[in-house]
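Residue-level listing of the chains:
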Amino acid sequence: MKKIGGIIYRFVKSFFSSKKGSIAAVIIACFLSLFWFCLPKHLFRSPTSFVIDDNKGQLLGAAIASDGQWRFPYNPKVPPKFKACIIAFEDQRFEHHAGFDPLALVRAIKQNVRAHHVVSGGSTITMQVIRLATRNDRTIWQKLVELFQAMRLEITYSKAEILALYSSNAPFGSNVVGLDAASWRYFGRSSDKLSWGETAALAVLPNSPSLVHPGKNRLILIKKRNKLLDKLCKLKVIDATTAALAKSEPVPERPVPLPQGAPHLLDRFKNDHAANSQNGSRITTTINSVLQQNVTDILERHHQVLKANDIRNGAAIVLDVETGETMAYVGNIFHTDQPELESNVDVIGAPRSPGSTLKPLLYAAMMHDGLILPNSIIPDIPTQIAGYRPENFDLGYDGAVPASKALARSLNIPAVRMLQQYKYERFHALLRNAGITTLKQPADFYGLSLILGGGENNLWELSGAYADMARVLNHYHRYKGFYDRADFHNPHYTKTRATKPVLEKGSLLDAASIYYTLQAMEEVMRPGDELLWQQFSSSQRIAWKTGTSFGFRDGWAIGITPRYVVGVWVGNTNGEGRTGLIGVSTAAPIMFEIFRQLPVSHDWFDMPIGEMARIGICSQSGYRAGENCDHVDTVWVPKSGLKAPVCPFHQLIHLDASRKWQVTSDCELPTNMLHQSWFVLPPSMEYYYRSKNYQYKQLPPFRADCQQNRQQRTMELIYPKDGAKVYVPLEADGTRGRMICTAVHRQPGIKIFWHLDDQYVGETIDYHQFALNPSSGKHKLTLVDSRGSRLQIFFIVLDKDGGRNISAMKNEPPDVK
């Protein structure tokens, strides 16, 4: 053997060393190179349909490809039934040949010669993949090229991959390409759920795709299908009974519509795919298809009621708190046959005025910074700031209201005054850090109206921000008092890989501040049948917030539990406002009905004790207790509350023996005085507060022989404030209008004398409002009461040009609820 091997080696060496051998070597090398590189880098470049599946892999929706074909992306999994059918019908020796089948070619040549025309091509499945990829003309030369390329394809690809390429790109009649698209278009379900009869009908189509056409060639298709079923029975792939039952099945008559379970999410995926240059046009989403359908049905039922008031659109989203995954995504009422509904608009991602929905974030931020405690009282009085005059929904005033109640009742004036204290620039930055990207303008553009819907937000990011708060609170104990910055992120609709948390000591919002925010949101009064929810053990605890934009254009409701967040928007996509379009009465009922579709858990957020401290709180003001506070409650508050302000409202006053009069050392011996702590609000707050709080006690007046304590303010101007810039509009006849000045006094029945620029202009008693008609420029307003107390402020009246910006600010959108 060694001798024979040596002889062969010397022969080959001498042959290739010769001139002829060198030429042969070059030819062989060229042939091998040509063979190796004969396949295109990408076999199939045709555009594919955008396809989304639910969290269990079932089709939610698909969009036709850009070339007008229903062509689903490549699927590496070929159902066993289709594999058996297509091999039996097209290429029985597929598993054994190397790309072409000599026996099939010889048989095809004989058949074509006998018939005097082409009746059989003899192509293998591998060769058909090449023809589908290259789209060559069917000539003898191209047949040889296909054979050559098929052999090359068999080297690089496995049999399973070649079969998957074929099933994903074969034509199935009309504008349907690929097995997946065909099974849905003709039978309305996925290919792995087809019967033998249905699979056999599809297997014969690529050979003659024109067979499937409504009302045409039905008998030919049935004949071909039945012939294949007989062949499968002969090959013992199926038994005779199965073959007989399969033959009795009808063949498709016309294409059926594809599912449209989440059309707006499909559009969102298409837009995200284009914006982010993603690979692959088919994704498995996190959508729960059962919940998706239930939410769609709920929106549709409410739409039938709301449309009577010309409220035509609605959207809802359900998020998993832990992961941020989207469980349901209903972007709008979907009636494509009614163009006036603008069903194609995805409201979940559309910027809209958010109404009051940002108030919880401000409340949490102020506690996080130690500016307030959960129940610190906030002024609720007529307020005008640089011409901006917010109003509460009921147009009333409480004088002073605990911050938690202000949030629960969605009061606008306390929210504006809180933002004024927090600074809208900081709040704007906080929102951006929390993942709100819709605020495209700088903070000064929005100003204080930011808290009342003066900016633009969308349901996607707002619901995500609410889920962030719940997630931070859930993770507090898991992370043993530390925080993960990644807990603040936008929702997502596909599975994401879990990352290892990067733990830090601080957070954008601490757990304790979030806990008290959600506690306040739980106290919001529920609408309709939900009003008495606490009396039913089956009811679910939900922290929630509503919002309504200026002009009744948008109604919002977002609810939070430890496991889920539900966000709902109701309105008109064209921005048309409607009377009665209020979040609590339109969006909230939808939100609660959606929550009833979710698993009920009676677990609630655990108190983050490690982020809290027990301190003394003034029971009347909600501030840290001062030395004069006589009713002190020791309660848990966020640790940041240790630096919160001390109660400024309790004063030590001196009374005579009758306790009816205040006295001073000028008129009463110190030994005869009674010293008592007294809860004293500023006059403007007291004026409104006492009308709604019967237990409030006004300060006793000073005894006639005693001089009043100058440190005690007895009267206050509500409007205008010192340094105010006022624009007085013109009346219809062109004359300058009047500005209405308002003052309050602690003592009822007392007179106030009004002076403008040191000129006496009139007096008021009890109800202290006075109309002035000042000219443009700077003015001094002086008030003197009948006891000699004096109040003086300066204000500027702007001319017509100077007042233009102020007038515009008055029209900024105040939130209503």
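Calculation rules
Residues numbered from 1 in each chain as written. Predicted model: local features only at pLDDT ≥ 70, side-chain atom pairs only at ≥ 80, totals over all residues. Heavy atoms only, no water. Axes fitted to C-alpha atoms, helices over the stretch in contact; angles between N-to-C directions. Helix = DSSP H or I, 4+ residues; strand = E, 2+ residues; numbered from the N terminus. Parallel < 35°, antiparallel > 145°, perpendicular 65-115°, else oblique. Left-handed = near helix turned anticlockwise from the far one by under 90°. Contact = heavy atoms within 4.5 Å. Nonpolar A, V, L, I, M, F, W, Y, C, P; charged D, E, K, R; others polar. 1 Å grid on protein atoms, 1.4 Å probe; cavity = no way out; pocket = protein on both sides within 12 Å on 5 of 7 lines; lining within 4 Å. Points joined across faces, edges and corners; volume = space filled by probe spheres on them. Pairing = 2+ DSSP bridges. Polar contact = N/O pair within 3.5 Å; in protein donor to acceptor, adjacent residues only side chain to side chain. Phe/Tyr/Trp six-rings, centres within 6.5 Å; stacked < 30°, edge-to-face > 60°. Buried < 20%, exposed > 50% of the residue type's maximum accessible area, 1.4 Å probe, protein only. Lys NZ or Arg CZ within 6 Å of the ring centre and 35° of its normal.

Q: Would you take a moment to explain the packing of helix H9 (residues 196-203) against helix H10 (residues 218-234) for this structure?
A: Between two packed helices, both the angle of their axes relative to each other and the distance between the axes serve to describe the pair. Interhelical geometry of H9 versus H10 gives an angle of 115° and a closest axis separation of 9 Å. Overall, the two elements H9 and H10 adopt an arrangement that is roughly perpendicular. In the packing of H9 onto H10, the handedness of the crossing is right-handed. Contacts between H9 and H10 involve Trp 196, Gly 197, Ala 200, Ala 201 and Ala 203 from the former and Leu 221, Arg 225, Leu 228, Leu 229 and Leu 232 from the latter. When grouped by side-chain class, the residues that make up the contact of H9 with H10 number eight nonpolar, one polar and one charged.

Q: Just checking my understanding: could you explain empty space enclosed by the protein for this structure?
A: A probe matching the size of a water molecule, rolled over the atoms, marks out where space remains unfilled. Applying the stated criterion across every chain yields a total of five cavities of 30 Å³ or more. By volume, the largest cavity amounts to about 80 Å³. Lining the largest cavity we find Lys 359, Leu 362, Tyr 363, Ala 403, Ala 406, Leu 407, Leu 411, Pro 414, Ala 415, Met 418 and Ile 451. Within the residue set of the lining of the largest cavity, elements represented by two or more residues are helix H14 (359-368), helix H15 (403-408) and helix H16 (412-422).

Q: Can you help me understand the sheet that holds strand S21 (residues 739-745) in this one?
A: Strand pairing in a sheet is mediated by backbone hydrogen bonds. Such pairs are either parallel or antiparallel. Within the open sheet, the three strands sit side by side as S19-S21-S24. Their pairing is antiparallel. With one partner strand each, in any of the chains shown, strand S19 (715-719) and strand S24 (768-772) form the two edges of the open sheet. For this sheet the average axis-to-axis angle between neighbouring strands, irrespective of direction, equals 25°. As paired elements, S19 and S21 share four bridges and run antiparallel to each other. Within S21, the residue paired with Tyr 719 across the bridge is Thr 742. The strands touched by helix H22 (residues 683-692) are S19 and S21; relative to S19, the strand with the most contacts, the crossing angle is about 85°.

Q: Would you explain the sheet that holds strand S25 (residues 777-785) in this entry?
A: Spatially, five strands are ordered S20-S26-S25-S22-S23 in an open sheet, and the strand pairing comes out mixed. Of all strands in the sheet, those with a lone pairing partner are strand S20 (724-727) and strand S23 (759-765), marking the two edges. Along the sheet, successive strands turn relative to each other by an average axial angle of 30°, direction set aside. When S20 meets strand S26 (residues 790-798), the two strands line up parallel, connected through four bridges.

Q: Mind showing me how you'd approach the environment of Asp 192 here?
A: By the secondary structure assignment, Asp 192 is in the loop between helix H8 (179-187) and H9. With 112 residues separating them along the chain, Asp 192 and Pro 80 place their C-alpha atoms 8.0 Å apart. Among the polar contacts listed, one links the side chain of Asp 192 to the side chain of Ser 190, at a separation of 2.5 Å.

Q: For this particular structure, what's the right way to read the packing of aromatic side chains?
A: In this description, an aromatic ring pair is defined by two values, namely the gap between the centres and the angle between the planes. For the structure shown, the criterion picks out 18 aromatic pairs. On the numbers, 5.6 Å between centres and 85° between planes, the contact of Tyr 515 with Tyr 516 is edge-to-face. A relative accessible area of 9% means that Tyr 516 is categorised as buried. Ring geometry for Phe 679 and Tyr 696: centres 6.0 Å apart, planes at 80°, overall edge-to-face. Placement of Phe 679 in strand S18 (residues 674-679) and of Tyr 696 in the loop between H22 and S19 is noted, with a sequence separation of 17 residues between them. The exposure class assigned to Tyr 696 is buried, which follows from its relative accessible area of 10%. One aromatic cluster is present, formed by Tyr 623, Phe 649, Phe 679, Tyr 689 and Tyr 696 through successive ring pairs. Note that Arg 426 overlies the ring of Tyr 422, its terminal NZ or CZ placed 4.2 Å from the centroid.

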